[in-house]
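# Structural overview for review
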Amino acid sequence: MVECLSGFERIKRTPIPPAYSVHLYHVIWLYILSLPFQLAETMGWWTVAGVGITSFTFLGILEIGSQIEDPFGYDDNDLPLDDLCDVLCTEVNDILGANFPSHDELFTSNNYYPISECDLSAFDLSMKTKSEVRAFLMQQTKHVNPINLTNLKIVS
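Residues numbered from 1 in each chain as written. Predicted model: local features only at pLDDT ≥ 70, side-chain atom pairs only at ≥ 80, totals over all residues. Heavy atoms only, no water.

### A word on the overall build of the protein chain
Helices and strands together make up the secondary structure of the protein chain, namely seven helices and zero strands. Reading the protein chain from its N end, one meets helices and strands in the order α-α-α-α-α-α-α. When each of the 156 residues of the protein chain is scored for burial, the buried share is 13%. Across the protein chain, contacts joining residues at least 24 apart in sequence account for 26% of those joining residues at least 6 apart. In the structure as shown, the protein chain presents an accessible area of about 13400 Å², 65% of it carried by carbon and sulfur atoms. (Helix = DSSP H or I, 4+ residues; strand = E, 2+ residues; numbered from the N terminus. Buried < 20%, exposed > 50% of the residue type's maximum accessible area, 1.4 Å probe, protein only. Contact = heavy atoms within 4.5 Å. Areas by Shrake-Rupley, 256 points an atom, 1.4 Å probe, with all protein chains shown as cover.)

In structure tokens form, the structure reads like this:
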């Protein structure tokens, strides 16, 4: 599972460089704008239909490429990761024989505190805006003491 997670994080954090996207965009438009001059002599009035279909195809591929660049989100065409995580949780619970709450039950409960040494439940955090949660997390990290790894003992 850790390998899968690191692979997903690599996909998420490695977008296509903007220079590639801009170059591809310009090349496609240059091709589309020059295509009628190449086809007009041989196709006549059918050039309009040919260029229209070709433009629709190439611009569609360009847009599909930009949409699937980041498949991890909440847009209509993104991967349903919440559903996949619920299925995975159910499978792990079945294997372990445990009865853990579902994703929705966990994050709407006032009994789940996702941040240690914090008085806010997951439900309380979900009611805050992104900026409020970020400010809260920044405030919390100021009070964290780093672990001194030299004092750790491994018990076997």
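### Considerations on helix 4 (residues 81-96)
For helix 4, built from 16 residues, the straight-helix expectation of 22 Å at 1.5 Å per residue is met to within 8% by its first-to-last C-alpha distance of 22 Å. Following helix 4 by one or two positions, glycine 97 adopts a phi angle in the positive range, close to 75°. (Expected span 1.5 Å × (residues − 1).)

### A word on the layout of surface pockets
One way to see where empty space is left: roll a probe the size of a water molecule over the atoms. Size it by volume and the largest pocket reaches roughly 750 Å³. Lining the largest pocket we find 21 residues, and of these Phe72, Tyr74, Leu81, Asp82 and Cys85 sit closest to its centre. Classifying every residue of the lining of the largest pocket by side-chain character gives 13 nonpolar, two polar and six charged. (1 Å grid on protein atoms, 1.4 Å probe; cavity = no way out; pocket = protein on both sides within 12 Å on 5 of 7 lines; lining within 4 Å. Points joined across faces, edges and corners; volume = space filled by probe spheres on them. Nonpolar A, V, L, I, M, F, W, Y, C, P; charged D, E, K, R; others polar.)

### Section: the state of the cysteines
The full count for this structure, using the stated rule, is zero disulfides. Left unpaired, cysteine 85 is separated from the closest cysteine sulfur, that of cysteine 89, by 8.9 Å. For cysteine 89, a relative accessible area of 30% puts it in the partly exposed group. (Disulfide = S-S within 2.5 Å.)

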